[in-house]
Amino acid sequence: MKVLGIETSCDETAAAVVEDGPKILTNIIHSQVKTHAQFGGVVPEIASREHIHKIVEVVEQAVEPLGGMSEIDGVAVTTGPGLVGCLLVGAQVAKGIAMARGIPMVGVNHLEGHISAALLAQEAPSYPHVALVVSGGHTHLYHVQSFGSYELLGGTRDDAAGEAFDKVAKVLGLGYPGGIHVDRLAQDGNPKAISLPRGMNTTKHFDFSFSGLKTAGINYIREHGGALEGQELNDFCASLQEAIADILTKKAVAAAKRCGVEGIVVAGGVAANSRVRALLEERCHNNKMWAFLPPRVLCTDNAAMIAAAGWTRLQNGETTPWSTEVRSRWPLGDLEVPSHD
Ligand code: KG4
Ligand code: ZN
């Protein structure tokens, strides 16, 4: 079964095809970063319009190497959470393709998509495990019993980790989204140079708070003249990144211990961060757990992860009715477990 995945929940227009495994056949991503960079963040109206402009071209690029749309057996599309105007573009295109071809369509939760990037590995991680979903909009820990079964252990009470990276990077004038720039500059910095607060620094519960860190970071920059340079900039980025990586990985490992599972899957854009990856591997190793880190290109938004989740749901006989709506909010815990009969 070949499944076409479509992702338009935010600022990536993406389409991909996976086949049984699931394994990736094609993975096309049109990033809108350049369009939104001048505004310092995603402008929803402009994002929707760019999705409309690009979606057909991106889908064609994903299916053409396989011999065209006639080769596709099912369509998976992100139907939430995300920007409604953006989600609608992908959902309507997916419905059109599925209807015209007479093939099933399934709506996929974007967060389940992120976690499902792990399914695309040659050796997919075993269940049960803990999943840390950490992106521009989410920072959540789940106890994953099996595919489709997510128990929320905790989440951010204010900003997401990616938001902390991006908002501080914006004040530093590093461009949008800033996480990757902070990561790059941090390579030459001292993570102990600047003391920044670690909110909710406890393993008694698994909630996070990054707004205090964000504010402290912004205040530090302003107190130092508004623009850091050279080694000071590198040290600041390394210290900010260390604070985020420390708290994320400490809580993820504690959650895995509490649940009695053997490993942790990390997912979402911030999972591409080099320090988050290194520290998670180190701490999992020290605690005799495995850490699953998807390749970086599958951490940030893409359609292969949506196709992987959709492939699994379609394989289980699930389809989504034509009348389905898109959802700006859609907690993972609300997902129904697909039936296995
Ligand atoms: O998953 P994603 O592509 O989109 C959402 O669903 O939000 O995540 C985007 C977030 C942004 O905040 C971006 O700055 C962050 O992921 N990000 C990174 C890195 N690459 C992307 N943050 C830190 N280090 C990175 N290397
Ligand atoms: Zn995402």
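This is a predicted model, so every value here is computed, not measured.

Take the sheet that holds strand E10 (residues 290-292) next. On the basis of which strands lie adjacent, the open sheet formed by 5 strands has the order E8-E7-E6-E9-E10 and mixed pairing. Sheet topology places strand E8 (149-155) and E10 at the edges, where each strand pairs with a single neighbour. Adjacent strand axes in the sheet meet at a mean angle of 25°, parallel and antiparallel pairs treated alike. Here strand E6 (residues 129-134) runs beside strand E9 (residues 263-267); their pairing, made up of 4 bridges, is parallel. Counterpart to leucine 132 in the pairing with E9 is valine 266. Sheet strands touched by helix H9 (residues 274-286): E9 and E10. Its angle to E10, the strand with the most contacts, is close to 155°.

Attention shifts here to the layout of surface pockets. Here the largest pocket defines a volume of roughly 1600 Å³. Along its surface, the largest pocket is lined by 50 residues, and Ser135, Gly136, Gly137, Asp166 and Asp301 are the ones closest to its centre. At the level of elements, strand E3 (23-31), helix H4 (110-116), strand E7 (139-146), helix H5 (161-171) and helix H6 (179-186) are the ones that each hand at least two residues to the lining of the largest pocket. In terms of residues, the lining of the largest pocket owes the most to one element, H5, which gives 6 residues. Across the lining of the largest pocket, the residue classes break down as 20 nonpolar, 19 polar and 11 charged.

Right, let's get into the site of ligand 1. The immediate surroundings of ligand 1 are formed by 20 residues, with Gly136, Asp166, Asp183, Asn273 and Asp301 found nearest. At 3.0 Å from an oxygen atom of ligand 1 is found a main-chain nitrogen or oxygen belonging to glycine 269. Comparing atom positions with the cavity grids shows ligand 1 to sit within the largest pocket. Considered class by class, the residues forming the shell around ligand 1 number 6 nonpolar, 11 polar and 3 charged.

Let us look at the packing of aromatic side chains. Here the structure, examined in full by the defined rule, presents 3 aromatic pairs. Where tyrosine 142 meets tyrosine 150, the ring centres are 6.3 Å apart and the plane angle is 75°; that geometry is what we call edge-to-face. In this structure tyrosine 142 comes out as buried when scored by relative accessible area, which is 3%. For tyrosine 150, a relative accessible area of 8% corresponds to the buried category. Relative to phenylalanine 236, the ring of tyrosine 220 has its centre 5.6 Å away and its plane inclined at 20°; by these criteria the two rings are stacked. A residue pair is termed long-range when its members are at least 10 positions apart, and tyrosine 220 in helix H7 (residues 211-223) and phenylalanine 236 in helix H8 (residues 230-259) qualify at 16 residues. Among the residues examined, tyrosine 220 registers a relative accessible area of 17% and is labelled buried. You can call phenylalanine 236 buried: its relative accessible area is 0%. In this arrangement the basic side chain of lysine 251 is found over the ring face of phenylalanine 208, its NZ or CZ atom lying 5.6 Å from the centre.

For the zinc ion (ligand 2), every protein donor is listed as His110 (NE2), His114 (NE2) and Asp301 (OD), and the spread of their distances is 2.0 to 2.1 Å. In primary-sequence terms, the residues that donate to the zinc ion (ligand 2) follow H-x3-H-x186-D. In this pair, histidine 110 sits in helix H4 while aspartate 301 sits in the loop between E10 and helix H10 (304-315), placing the two residues 191 residues apart along the sequence. Residue histidine 110 shares its accessibility class with aspartate 301, and that shared class is buried.

Angle between the axes and distance between the axes: these two values describe a pair of packed helices. Interhelical geometry of helix H2 (residues 44-63) versus helix H3 (residues 84-101) gives an angle of 25° and a closest axis separation of 8 Å. When the interaxial angle is binned, H2 and H3 end up roughly parallel. For H2 against H3, the interelement crossing comes out right-handed. Seen from H2, the contacting residues are Pro44, Ala47, Ser48, His51, Ile52, Ile55 and Val59; seen from H3, they are Gly85, Cys86, Val89, Val93 and Ile97. Its residues assigned to classes, the contact of H2 with H3 shows 9 nonpolar, 3 polar and no charged.

What follows covers empty space enclosed by the protein. Enumeration over the complete set of coordinates arrives at 2 cavities of 30 Å³ or more. Quantified by volume, the largest cavity comes out at close to 70 Å³. Together, Ile115, Ser116, Ala118, Leu119, Pro125, Tyr127, His129, Val144, Phe147 and Tyr150 line the largest cavity. Its volume calculated, the second largest cavity comes out at about 30 Å³.

Moving on to the side chain of serine 116. Among the secondary structure elements, serine 116 is positioned in helix H4. One polar contact links the side chain of serine 116 to the main-chain carbonyl oxygen of glutamate 112, over a distance of 2.7 Å. Here serine 116 is in contact with Phe147, Met305, Ala308 and Ala309, once residues within four sequence places are set aside.

The next point concerns H9. For H9, which comprises 13 residues, the first-to-last C-alpha distance of 18 Å matches the rise-based estimate of 18 Å (1.5 Å per residue) to within 8%. Regarding H9, the residues found buried are Val276, Arg277, Leu279, Leu280 and Cys284. As for H9, its buried residues are in contact with H8, E9 and E10. One side-chain oxygen at the N-terminal end of H9 lies 3.0 Å from the backbone nitrogen of arginine 275; it belongs to asparagine 273. Following H9 by one or two positions, lysine 288 adopts a phi angle in the positive range, close to 55°.

What counts, and where the lines are drawn
- Residue positions within a chain follow its written sequence, with the count starting from 1.
- Throughout, the order in which chains and ligands are written sets their labels, letters from A for the former and numbers from 1 for the latter.
- Note on the predicted model: pLDDT of at least 70 is required for a residue's local features to be given, and 80 or more for side-chain atom pairs to be given and counted; whole-chain, interface and lining totals, by contrast, use all residues.
- As a convention, hydrogens and water are excluded, and side-chain values are obtained from all of the structure's heavy atoms.
- In this description, strands pair whenever DSSP reports at least two bridges between them.
- Helix and strand assignments come from DSSP, with helices taken as H or I runs of at least 4 residues and strands as E runs of at least 2, each series counted from the N terminus.
- Only the stretch in contact is used when a helix axis is fitted, and all axes are lines through C-alpha atoms; the angle between N-to-C directions ranges over 0 to 180 degrees.
- The contact definition used throughout considers only heavy atoms, calling two residues in contact when any of these lie within 4.5 Å.
- Only protein atoms enter the 1 Å grid, on which a cavity is a set of points fitting a 1.4 Å probe that cannot get out and a pocket is an open set with protein on both sides within 12 Å along at least 5 of 7 lines, lining residues being those with an atom within 4 Å of a point.
- Grid points are joined across faces, edges and corners, and a volume is the space filled by probe spheres set on the points.
- In this classification, Asp, Glu, Lys and Arg are treated as charged, Ala, Val, Leu, Ile, Met, Phe, Trp, Tyr, Cys and Pro as nonpolar, and every other residue, Gly included, as polar.
- If even one non-hydrogen atom of a residue comes within 4 Å of a molecule or strand, that residue is called near it.
- The definition of a polar contact used here is a pair of N or O atoms within 3.5 Å, where within protein one atom must be able to donate a hydrogen and the other to accept one, and adjacent residues in sequence count solely through side-chain atom pairs.
- Whether a molecule sits in a cavity or pocket is decided by its atoms, more than half of which must lie within 2 Å of the grid points.
- Aromatic pairing here means that ring centres of Phe, Tyr or Trp (its six-membered ring) are within 6.5 Å. Orientation follows from the plane angle: under 30 degrees is stacked, over 60 is edge-to-face, and everything else is tilted.
- The classification of residues rests on relative accessible area computed with a 1.4 Å probe and restricted to protein chains. Under 20% of the type maximum is buried, over 50% is exposed, and intermediate values are partly exposed.
- Should the NZ of a Lys or the CZ of an Arg lie within 6 Å of a ring centre and within 35 degrees of the ring normal, that charge is described as sitting over the ring.
- Metal donors: N, O and S atoms at distances within 2.8 Å, or within 3.2 Å for Na, K and Ca, with water omitted from the atom set so that some sites may seem incomplete.
- For this classification, under 35 degrees means roughly parallel, over 145 means roughly antiparallel, 65 to 115 means roughly perpendicular, and everything else is oblique.
- Handedness of a crossing is defined here by the sense of rotation of the near helix relative to the far one, left-handed for an anticlockwise turn of less than a right angle and right-handed for a clockwise turn.
- Here the expected span of a helix is defined as 1.5 Å times the quantity of residues minus one.

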